Structure formats: structure tokens, C-alpha cells
Amino acid sequence: MLRYNPDVIEGTPPDEDGFEAAFDVVGEVADKVMTGVWVGDCFIYTNSENRLNYHVGGEIVTISHLDRTQYILGYIAKDSKLYLGDKDLNVTSFALKTAVLEYQTAVMRQDFETADQILPSIDEEHRTRVAQFLEKQGFKEQAMAVSVDPAHKFELALQLNDFATAYGLAVEHSSEQRWKQLSDLALRSSDFNLAKKCMFNAKDYSGLLLLASSLGDSESMVQLAELAHSAGKENIAFTAYMMLNNIPKCLQLLVETERYPEAAIMAKTYMPSEVSKILKLWQADLSKTNEKAAEALADPLQYDNLFPELQLALKAEKLLEKERSTLLPAASYPAVAPNWERDVLAETEEMLASLPEVVASPKEDEMLTAEVKEEQPVSEPEEE
């Protein structure tokens, strides 16, 4: 497709190939053109496949699929109508808004002042098509201002990194996919606060777990744990509670999901005061399939000889309760000894030795055990 420039040939003799310099390449159309007409910078044509198209700015827009071979007769701007005829002298008209063609022509000439003057005369039903045309020409900001389609505007806002507009559109027309798109873009731009908001709206619990743990955001981790628990995402909820050092909630989750063996082992490690209660639940569940195996499980309260360090472990649990409920900032990590390097029972013995008044009699041991059990209960599963 060539554009003719008559100024080039004035007073200039032709060369061997004629006036080749008088033509500029506008574009290439992989079509066999049957008939055509220019309207401004828009070329309207019919092709060999009986389609009525127009070409502007490298974009081909199909106006209609013709049911028979027709030929373009002309375009009347005042009627905004394109007229075609066939071999039987039947005439067909197609509505083709002059304002749209004029606007696209002005854009191709980068005459945005004229384009802005034409825009109010374009109906809203045609504005999204105009916005798509602007986007293809690389004028994305103008396209977002013109478009009336929320989905198209949202995509343009993402491309322009316009977080405020994208967030407003996502709130107004909420969908999980949009929240995820915006959260991904916010993460790439290191806008963690926006990413967190979007992940909560998208219910992206795994992403929130990664983000909150990376930022050391305990408030978001608490909120995530509660939401994941309510949504039935027990694995994520358990991990979140574990990172918050909320052992009672971890045990509650294991009991609710009937993971009694895991709950019993975890209680023995972190909250020995709850072992007996969880063991009873385990025995009741196991007896349904293997009564002998259930009877073989030893209750620490009945077989204290099998658990020689139980009383010391109960004291350690009580003394370390404050430490467990205190969340340390991530910056303190280098100064905190890892759990696998600590001997909690030895620490408890040293602490009790340094405070003689804390050393308890056997009767006081029983009171301490009862007190720990009373303060940190584990919820039992409700019977249906």
C-alpha cells in the first residue's frame, strides 16, 4: 500500500523507473483487493473472500462478511454510510461512523488536538474499538482514557504500572484473576503493601504465607492463619500457627483433623501437659480398628515410671510459656540460639536451682501439672 506525494514530481524529470520517490510505503496487506476507496487515511476495500474491511495504521478491521460478491460504489460522509453494489444492480449500505474514521486518521497523523475534538462525537459503543486502535499504535495512556470497558482499562493500567487505577478497577469489578494479576505486578515492583492487600482479596493463602514470613509480618500471619483455618486450608493454617509459635492452635488443628498420633507427639515435645488428654482421643479412635494397639498406648499420668522426666518437662513448659508467647523480630535471628542447640530440660534445672523458692514438693508438682492443664486446653472435636 503506497501513498502518493505529488510535490516530489513538480519540476523534476523522471528517472529510469519513473517517479519512484513520489510514493511512500504505508503498509502491506496480505489480501487480494477487489475494490477499494480511501476515506482520509483509511483504506476501505473488499477482498476475494467477500469480506468488507478497512485498513488504518497497520490494523485491519472487518466491517462485514458479504454473502455474495459486491463492489464498493463510494462513501458518503454526511450519511456515515458506505455503499456497495452487485452485478444485479442491488445496492447495499453499511454504517461506518465518520467520526471514528476521522479520529483514527487524526491519530495516524499524531494530531491529538484534532482527535480530542472529535472524541465527544463518538458513541460509547464504539469507544472501546477506538481504544484498542490506540493501544495497537502504542498510545496506551490515551487508550485508557478513551476506553469504557473495565477489563480493557484494567489491562492497560497494568501495562502502564498505574497501580492506583488498577486497584480501583479491581475493587469495583472484583475477580480473583484480577487480584492475582495485580499482586504479581506489585511484587515485581516491590510494592509489598499493595501485594498483601491483593493476595488477601484473591485468597492466595500460599502467596501470603511466603510474603508474610519473608517480611516478618506477624499481624498478617495471624490474619492468614485464621482465614486459612476458616477456609479449610489446614496445612497453611498449621504452618502459620507454627511460625507464630502458637502451639495450642497447632494442637487444636491436629485434633480437629483427627491427626491424633501427630498431635500426641507434638504435645509431648512442646506441651506435655496436654499429652494425656490427646492420648485418650487417640485411644478412642484407634480402638475402632485395633483395640489391643489402643490399650498398648501408655498414659503418662498412669505410667509415670515410663516418663521419668515428665515433671521436669511440665515445669519447663510453665517456665518457658512467656518465651513462647513473645514474638521476636527477624533482626534478632543471629543472636537467638536454634532450638536444636538448646537443652530445655537442663536450662530448666539450672533456672530452678538458681531460684530455690521455685523448687516444688511432689504435692506442688501435682498442682503445677493441674495448673498447666487448666491454662492451656486443647479443644476436642465435636460429636456429630
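Bear in mind that the values here come from a model prediction, so they are computed numbers and not experimental data. Along each chain, the written sequence defines residue order, and numbers are assigned to residues from 1. The model is predicted, so local features are restricted to residues of pLDDT at least 70 and side-chain atom pairs to those at 80 or more, both for listing and for counting; the totals for chains, interfaces and linings are taken over all residues. As a rule here, side-chain values come from all non-hydrogen atoms in the structure, and water together with hydrogens is ignored.

Regarding its fold elements, the chain presents 19 helices and nine strands. With C-alpha atoms as the basis for the radius of gyration, the globule rule is written as 2.2 Å multiplied by the number of residues raised to the power 0.38. For 384 residues, the compact-globule estimate of 2.2 N^0.38 gives 21 Å, and the chain exceeds it by more than 25% at 38 Å. Expressed along its principal axes, the backbone C-alpha trace of the chain runs to roughly 120 × 50 × 40 Å. The 384 residues of the chain split such that 36% are buried. In this description, contact between two residues means that some pair of their heavy atoms is separated by no more than 4.5 Å. Within the chain, counting contacts between residues at least 6 apart in sequence, those at least 24 apart form 38% of the total. Carbon and sulfur atoms provide 50% of the accessible area of the chain, an area that totals close to 23200 Å². We count Lys and Arg on the positive side and Asp and Glu on the negative side, and we leave His and both chain ends out. Charged side chains are reduced to one point each, which is NZ for Lys, CZ for Arg, CG for Asp and CD for Glu. With 35 positive and 66 negative side-chain charges, the chain shows a separation of 4 Å between the mean positions of the two kinds. Secondary structure elements follow DSSP: runs of H or I no shorter than four residues count as helices, runs of E no shorter than two count as strands, and numbering proceeds from the N terminus. Residue exposure (1.4 Å probe, protein chains only): buried if accessible area is under 20% of the type maximum, exposed if over 50%, otherwise partly exposed. Only the protein chains shown count as covering a residue, and every accessible area follows the Shrake-Rupley method with a 1.4 Å probe.

Here we take up helix H5 (residues 150-159). Listing the buried residues of H5 in full gives His152, Phe154, Leu156, Ala157 and Leu158. Where H5 is buried, its residues contact helix H3 (124-136), helix H4 (140-146), helix H6 (163-172) and helix H7 (176-188).

What follows is about the packing of helix H12 (residues 247-256) against helix H13 (residues 260-270). Simply put, an axis is a line fit to the C-alpha atoms, just over the touching stretch for a helix, and the angle between two N-to-C directions goes from 0 to 180 degrees. Two elements in contact, H12 and H13, have axes whose closest approach is 8 Å; the angle formed by their N-to-C orientations is 160°. One finds that H12 runs roughly antiparallel with respect to H13. The handedness of the crossing between H12 and H13 comes out as left-handed. Note on element contacts: H13 touches H12 through Tyr260, Glu262, Ala263, Met266, Ala267 and Tyr270, opposite Ile247, Cys250, Leu251, Leu254 and Val255. In what follows, roughly perpendicular refers to angles from 65 to 115 degrees, roughly parallel to angles under 35, roughly antiparallel to angles over 145, and oblique to any angle outside these ranges. The crossing is said to be left-handed when, going from far helix to near helix, the turn is anticlockwise and less than a right angle, and right-handed when the turn is clockwise.

Relative to strand S8 (residues 81-85), strand S7 (residues 71-76) runs antiparallel, the two sharing five bridges. The residue bridging Tyr71 from the neighbouring strand is Gly85, located in S8. Strand pairing is assigned whenever DSSP identifies at least 2 bridges connecting the two strands.

By definition, a salt bridge exists where a carboxyl oxygen of Asp or Glu is found within 4 Å of a side-chain nitrogen of Lys or Arg. This structure, assessed with the given rule, holds nine salt bridges. Put simply, Glu49 and Arg51 hold a salt bridge, and the shortest N to O gap is 3.9 Å. Lys180 is the partner of Glu176 in a salt bridge, and the nearest nitrogen-oxygen pair spans 3.3 Å. Of the two residues, Glu176 and Lys180 are both situated in helix H7; the distance of four residues between them amounts to about one turn of the helix. In this structure Glu176 comes out as partly exposed when scored by relative accessible area, which is 46%. Lys180 sits in the partly exposed class, given a relative accessible area of 33%. The structure contains a network of salt bridges with shared partners spanning Asp67, Arg68 and Asp86.

A few words now on a nonpolar patch on the surface. Each patch is built from residues lacking any salt bridge and having more than 30% relative accessible area; the joining distance is 9 Å for like charges and 5 Å for nonpolar side chains (Val, Leu, Ile, Met, Phe, Trp, Tyr). On the surface, Leu2, Tyr4, Phe23 and Val25 cluster together to form a nonpolar patch covering roughly 420 Å² of accessible area. At the level of secondary structure, the elements contributing two or more residues to the nonpolar patch comprise strand S1 (2-4) and strand S2 (23-25).

Further remarks concern the sheet that holds S7. An order of S7-S8-S9 is seen for the three strands of this open sheet, with the pairing classed as antiparallel. Looking at strand neighbours, the two that pair on one side only are S7 and strand S9 (91-95), the edges of this open sheet. Each adjacent strand pair in this sheet contributes to an overall mean axis angle of 25°, direction not counted.

What follows covers unusual backbone geometry. With phi around 65°, Leu89 is a residue other than glycine that occupies positive phi space. Take Leu89: it is sitting in the loop between S8 and S9. For Leu89, a relative accessible area of 75% translates into the label exposed. Positive phi is not limited to glycine here, since Glu258 has a value of about 60°. The residue Glu258 is located in the loop between H12 and H13 in this model.

Before going further, it helps to examine the packing of aromatic side chains. Centre distance and the angle of the planes are the two values used to describe a pair of aromatic rings. Pairing of aromatic rings covers Phe, Tyr and Trp, the last through its six-membered ring, and needs centres within 6.5 Å; plane angles under 30 degrees mean stacked, over 60 mean edge-to-face, and all others mean tilted. As enumerated under the stated definition, the model contains four aromatic pairs in all. Ring plane angle 45° and centroid distance 5.1 Å describe the contact between Trp38 and Phe43, whose orientation is recorded as tilted. On the basis of an interplanar angle of 80° and a centroid distance of 4.9 Å, the ring pair of Phe112 and Phe139 is categorised as edge-to-face. With Phe112 in helix H2 (residues 112-118) and Phe139 in the loop between H3 and H4, this pair connects stretches of sequence that are 27 residues apart. Note on Phe139: relative accessible area 18%, which makes it buried. When the NZ atom of lysine or the CZ atom of arginine is within 6 Å of a ring's centre and also within 35 degrees of its normal, the charge is said to sit over that ring. The positively charged end of Arg178 is found above the aromatic ring belonging to Phe154, 5.7 Å away from the centroid. Stacked on the ring of Tyr167, the Lys or Arg Lys197 has its end atom at 5.9 Å from the ring centre.

Considering the arrangement of structural elements, one finds Ser64 in strand S6 (residues 59-65). Beyond its immediate stretch of four places on either side in the chain, Ser64 contacts Asn50, Arg51, Leu52 and Phe94.

Once that is clear, we can look at a negative patch on the surface. A cluster of like negative charges, contributed by Asp15, Glu16, Asp17 and Glu20, occupies part of the molecular surface. By the element assignment, Glu16 lies in the loop between S1 and S2.

Take the sheet that holds strand S4 (residues 42-47) next. The strand order across the open sheet formed by four strands is S3-S4-S5-S6, and the pairing between neighbours is antiparallel. Strands at the two margins of the open sheet, each flanked by one partner only, are strand S3 (33-39) and S6. Across the sheet, the mean angle separating the axes of adjacent strands is 20° when strand polarity is ignored. With four bridges connecting them, S4 and strand S5 (residues 51-56) associate as antiparallel partners. Bridge pairing in S5 places Phe43 opposite His55.

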